[in-house]
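So the chains spell out like this:
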Amino acid sequence: MPVTPPLTRQFARIFYGWWIVLSTSIICLLGFGTWLYSFGVFLKPMCGEFGWTRAMTAGAYSLRSIEGGVASPVVGWAVDRYGARVVIIIGAVISGLGFALMFFVESLLGFYVVYGVVLSIGMSAMLYIPAWTVIAKWFSRRLSLALGVLAVGAGLGGLVCAPAVAWLIINYGWRAAFVVLGVTVWVVVIPLALVVRDRPEDKGLSPYGLPAAPSPEAQPSGSAPHEKQAPERQGAVDFTLRQALSTSAFWLLAAAFFCQGVAHSVVTVHTVPALTDAGISMEKAAFCMGFLTLVSIVGRLGFGYLGDYVTKRYLFMVSYGLMGSGLLVLMHAGDMAAVYFFVALFGVGFGGMVPLMPAIRTEYFGRRAIGKIQGFMNPVMMIAGAAGPILAGHLFDTTGTYRTSFLFTGLLMFVAIVVIFFARPAHLLPTKMGE
């Protein structure tokens, strides 16, 4: 009989779900790093070439958020119907095409259509919704940690991609930079998507933490025997989409996520322009944005780990407090020491809420229709991503400063603390479980 090499045996002992976490994490690194965290790097060069105001240019980011909210229910349905791997591959093809088409943009309308619609449709299908959904199906125990590891990819994306995009723009121009990004998406994402399997049963496995080959009716609600879980998970059941929509928990979570979406979108779009306005070079400003996402890894892993043991609402309150405090620091930042203090506070806080969002939705509503539930919560959140950058850009165009924008978004995060406190788990009434 052939002898299996020791290294191969070691890899074979790794639960296959962790390979899915790794592949989707790298996909998120590239997707969020180029599409989300590099937007602010493109903002001033495009404003300079076309003479657009910052509010006008930020409108493409806002349209991206609107499109993402509209597409999310469709993406969630498609993931539940056709599987995450198929949806990710289709999203990668469209995303690469969207980046390539940016080379030909000559008008604000063209920018909105390509970046705000075509590219955003592709990224909506390629990134978090399919990744969150498939990981929720592969992990019962250590779900929050798995989602934290997934979120590390997006955090590294800002560190890697924003400075790289700044270098491409300085040396080759923004049009060529977009083409390079499109080709990179095709080359990297499509092969990685082939690693994804939609259910552990497809490989003869059970979700991580559950006994081997349990029947669907016999599966526990999400906790392994003798495994300490967050208190609110105990006794959880699977909601249908209609049942989730009828709960106050769904809408309170959406309201809290709305507040965090405003803060995150304002920081993502306007931090680099704000720093360059203060006399910092584009390369250094892009590095600060990348450094923020690097710092966020502390929150992504730390809060992701704690989410398996601590009530998630309380972790959200800490996360939101850090984000709000960071924005208040940025409002008065006059030197790089203050900027780095903002990066530390906001980065850890923002990073912490990333894995907690899908984890708390799975904890509250179960796994049965998690793709649809996540998809239908995003349209509520899209308003935040759409309004935040335009409002901040308008305030800058009229006042010449970002101070008012940072003050408003900072205070909004403290409102989110109150909202999330009241978002307690819903109780499923004894109704028919049909969709």
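Calculation rules
- Residues numbered from 1 in each chain as written.
- Predicted model: local features only at pLDDT ≥ 70, side-chain atom pairs only at ≥ 80, totals over all residues.
- Heavy atoms only, no water.
- Helix = DSSP H or I, 4+ residues; strand = E, 2+ residues; numbered from the N terminus.
- Buried < 20%, exposed > 50% of the residue type's maximum accessible area, 1.4 Å probe, protein only.
- Contact = heavy atoms within 4.5 Å.
- Areas by Shrake-Rupley, 256 points an atom, 1.4 Å probe, with all protein chains shown as cover.
- Patch = residues over 30% accessible without salt bridge, like charges linked within 9 Å, V, L, I, M, F, W, Y side chains within 5 Å.
- Salt bridge = Lys/Arg side-chain N within 4 Å of Asp/Glu carboxyl O.
- pLDDT = per-residue confidence, 0-100.

Another point: the overall build of the protein. Along the protein, the regular secondary structure elements total 16 helices and zero strands. In the protein, buried positions account for 57% of the 435 residues. The long-range share in the protein, meaning contacts at least 24 apart out of those at least 6 apart in sequence, stands at 85%. Taken as a whole, the protein presents about 16900 Å² of accessible surface, with 70% of it coming from carbon and sulfur.

Turning our eyes to something else, we now look at the environment of leucine 241. Structurally, leucine 241 is set in helix α10 (residues 241-245). For the pair leucine 241 and glutamine 374, spaced 133 residues apart in the sequence, the C-alpha separation amounts to 9.4 Å.

On the surface, Val93, Leu97, Leu101, Phe103, Phe104, Val183, Trp186 and Val187 cluster together into a nonpolar patch covering about 710 Å² of accessible area. When contributions to the nonpolar patch are tallied by element, the ones reaching two or more residues are α5 (84-101) and α9 (174-193). Within the element layout of this structure, phenylalanine 103 appears in the loop between α5 and α6 (108-126).

Mean pLDDT for the protein: 82, with 88% of residues reaching 70 or above. By mean pLDDT, helix α1 (residues 6-12) is the weakest element of the protein at 51, and α9 is the strongest at 96. Counted against residues more than four places away or in other chains, residues 214-235, with its pLDDT under 50, gives 47 contacts. Note that residues 431-435 has pLDDT below 50 and, in this model, twelve contacts with residues that lie over four places away or in other chains.

Summed over the entire model, instances satisfying the criterion amount to five salt bridges. A salt bridge links arginine 175 to glutamate 106, with the shortest nitrogen-to-oxygen separation between them at 3.4 Å. Placement of arginine 175 in helix α9 and of glutamate 106 in the loop between α5 and α6 is noted, with a sequence separation of 69 residues between them. With a relative accessible area of 15%, arginine 175 lands in the buried category.

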